[in-house]
Amino acid sequence: MFIVCYKGKPMSAPLPKLAATEKLLKLSRSFANLELVEVRQQQWQTASNI
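The structure displayed is predicted, hence computed values, not measured ones. (Residues numbered from 1 in each chain as written. Predicted model: local features only at pLDDT ≥ 70, side-chain atom pairs only at ≥ 80, totals over all residues. Heavy atoms only, no water.)

Draft legend 1. Examining the packing of aromatic side chains more closely. Tallied over the full model, the rule gives one aromatic pair. Ring geometry for tyrosine 6 against phenylalanine 31: centres 5.0 Å apart, planes inclined by 55°, an arrangement best described as tilted. One end of the pair, tyrosine 6, is in strand E1 (residues 2-6); the other, phenylalanine 31, is in the loop between helix H1 (17-27) and strand E3 (34-38), with 25 residues separating them in the sequence. (Phe/Tyr/Trp six-rings, centres within 6.5 Å; stacked < 30°, edge-to-face > 60°. Helix = DSSP H or I, 4+ residues; strand = E, 2+ residues; numbered from the N terminus.)

Below is the structure:
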């Protein structure tokens, strides 16, 4: 799973790579310096449970 980040801050929920890439392209019209960050499923599930 991947999240779109802007300056290290998540801009999306964890998404499959294709969906995250599409989100990155849409957001890149408004934001520069976006990055796609891979997250392990266990990491983001743990973070959402806290």
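Draft legend 2. Structural view of the sheet that holds E1. Spatially, E2-E1-E3 is the arrangement adopted by the three strands of the open sheet, whose pairing is antiparallel. Looking at which strands have only one partner, the edges of the open sheet turn out to be strand E2 (9-10) and E3. Pairing analysis gives five bridges linking E1 to E3, with the strands arranged antiparallel. Of the residues in E3, the one forming a bridge with valine 4 is leucine 36. (Pairing = 2+ DSSP bridges.)

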